[in-house]
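# Observations on chain architecture
One letter stands for each residue in the lines below.
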Amino acid sequence: MKAGLIRLAVIGVILAVAWWLRDGFGDVKGALDTVGWLGVGIMALCHAVPLILCGTAWSSLQTGVPPHVFIVWRWIKDGVGELAGFLPLSGEMAAIRMMSRRGFRIADASAIVVVDVTAEAIAQFFFSLLGVAMWLQLYPESEVTRWGLIALAVSIPGLAAFVALQRSVVVRFLETLPSRLMPHAWDAPDADAGIHAAIHAVYANKARFARSVGWHAVAWAAGAIEAYVALRLLGHPMGVGEVLALESIIYAIRSIAFMVPAAIGLQEGGYVIIGAVLGLPTEVALAVSILKRGRELLMGLPALLAWHFVEEATKPKPDAEKTEA
């Protein structure tokens, strides 16, 4: 009971800080005056498509737990990550926590989450590559095209280094570091039972990893549906190709500024600047981004509460522990 109250208090603090950092998620009210909460609800339904695809991609890296469980976990992971973006890796930590409560070893859960993040990053690179190719064809002399090319050029070594680091001895060094510093208080995991070995085991199944990248690639493309619907609700419809170009370039630029919590300001600025090239009025471009923030709020609030109830539902039963003992 006490742990549950503490968890609820932490959720309350996360929401308060997130609201303060985002200035109430931007002028959500102004955008709502145009489309209403029904419009935000429609966007949330559209966002459910890439969410389901991402949960399926995550699930494909393991066997034993059905995909629908990972879809729920993905919803919670995104909610925690978006509303608590000021806390580094908050969504990933929540994901590992939920997996461990379901019976996964911490090392296995950590490895699967890391590889899933990698698969999503690789899929995003291909999605952004598609967008840059479209901009090269439509607007070869545009400044936006140069930004996209720069973003891709910068992301390649970063992505390669991220993958190489996971499979290097650095991971093994980091997981044994606590035992080196505090040998009497911390036991080092066996070489074949730690995160380093678990990551290698996940990557060893190349078919599963390829499926995960594939599902994530489809999810990135499906995510453009949300912006497409938002523009129609705002009375400024655009073609599917233009929306794909808009979204892919924005995410390409966002990918090289991952250290900014929840891409605060970057997303809004991206829609305004890149949307202007496509002839999108400034107020409409900004409204699309603000509506996405509203959708994050609409889906993130119940996700945080769901996390609390998932923790309570998977809490070890005292009677069961006594029986096992």
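Residues numbered from 1 in each chain as written. Predicted model: local features only at pLDDT ≥ 70, side-chain atom pairs only at ≥ 80, totals over all residues. Heavy atoms only, no water.

### A look at helix α12 (residues 282-313)
With 32 residues, α12 ought to run about 46 Å at 1.5 Å a step, and its terminal C-alpha atoms sit 46 Å apart, in line with that. At G300, α12 shows its maximal kink, close to 25°; a proline, P302, follows between one and four residues later. (Helix = DSSP H or I, 4+ residues; strand = E, 2+ residues; numbered from the N terminus. Expected span 1.5 Å × (residues − 1). Bend = angle between axes of the 7 residues up to and from the residue.)

### Remarks on the side chain of S212
Here S212 shows up in helix α9 (residues 206-233). Accessibility expressed as a relative area gives 0% for S212, which makes it buried. Not counting the four nearest positions on each side in its chain, S212 is found in contact with A57, S60, L61, D116 and A119. (Buried < 20%, exposed > 50% of the residue type's maximum accessible area, 1.4 Å probe, protein only. Contact = heavy atoms within 4.5 Å.)

### Topic: the packing of helix α4 (residues 90-101) against α12
The geometry of a pair of packed helices is captured by two quantities: the angle between their axes and the separation between those axes. The interhelical angle for the contact between α4 and α12, taken along N-to-C directions, is 25°, at an axis separation of 10 Å. Classified by the angle between their axes, α4 and α12 sit roughly parallel to one another. Relative to α12, α4 is oriented so that their crossing is left-handed. On α12, the residues touching A94, R97, M98 and R101 of α4 are W307, V310 and E311. (Axes fitted to C-alpha atoms, helices over the stretch in contact; angles between N-to-C directions. Parallel < 35°, antiparallel > 145°, perpendicular 65-115°, else oblique. Left-handed = near helix turned anticlockwise from the far one by under 90°.)

### Some thoughts on the nonpolar core
Counting 68 residues, the largest nonpolar core has W58, W73, M99 and F104 as its most contacted members. Of all the elements, helix α5 (residues 106-138) adds the most residues to this core, at 13 residues. Ignoring anything within four residues of it in the chain, the contact list for M99 reads W58, F70, W73, F104, A109, I112 and V113. (Core = buried A, V, L, I, M, F, W, Y, C linked by side-chain atoms within 4.5 Å.)

### Looking at the packing of α9 against α12
Their axes nearest at 10 Å, the elements α9 and α12 cross at an angle of 120°. With respect to their mutual orientation, α9 and α12 come out oblique. By crossing handedness, the relation of α9 to α12 is classed as right-handed. Within the contact between the two elements, α9 uses E226, A227, A230 and L231 and α12 uses V284, V288, L291, K292 and R295.

### Considering the pattern of salt bridges
Should the charged atoms of two oppositely charged side chains come close, the side chains can pair. Under the defined criterion, the tally for this structure stands at eight salt bridges. K77 serves as the salt-bridge partner of E92, at 3.8 Å between the closest nitrogen and oxygen. Taken as a pair, E92 in helix α4 and K77 in helix α3 (residues 67-83) lie far apart in primary sequence, 15 residues in all. On the basis of relative accessible area, E92 is assigned to the partly exposed category, the value being 21%. The exposure class of K77 is buried, given its relative accessible area of 7%. By sharing partners, the salt bridges in this structure join R74, D78, D116 and E120 into a single network. (Salt bridge = Lys/Arg side-chain N within 4 Å of Asp/Glu carboxyl O.)

### Some words on the packing of aromatic side chains
A full pass over the atoms with the stated rule returns eight aromatic pairs. Here F70 and F104 contribute two aromatic rings whose centre-to-centre distance is 6.5 Å and whose plane-to-plane angle is 80°, an arrangement assigned as edge-to-face. Placement of the pair is F70 in helix α3 and F104 in the loop between α4 and α5, with a sequence separation of 34 residues. A relative accessible area of 0% means that F70 is categorised as buried. Take F104: its relative accessible area is 17%, and that puts it in the buried class. Arranged with centres 5.0 Å apart and planes meeting at 65°, the rings of W220 and Y251 form a pair that is edge-to-face. (Phe/Tyr/Trp six-rings, centres within 6.5 Å; stacked < 30°, edge-to-face > 60°.)

### Concerning a nonpolar patch on the surface
Judged by side-chain polarity, W147, I150, V154 and I273 come together as a nonpolar surface patch covering roughly 350 Å² of accessible area. At three residues, the largest contribution of residues to the nonpolar patch is made by helix α6 (residues 143-166). Here I273 shows up in helix α11 (residues 266-277). (Patch = residues over 30% accessible without salt bridge, like charges linked within 9 Å, V, L, I, M, F, W, Y side chains within 5 Å. Areas by Shrake-Rupley, 256 points an atom, 1.4 Å probe, with all protein chains shown as cover.)

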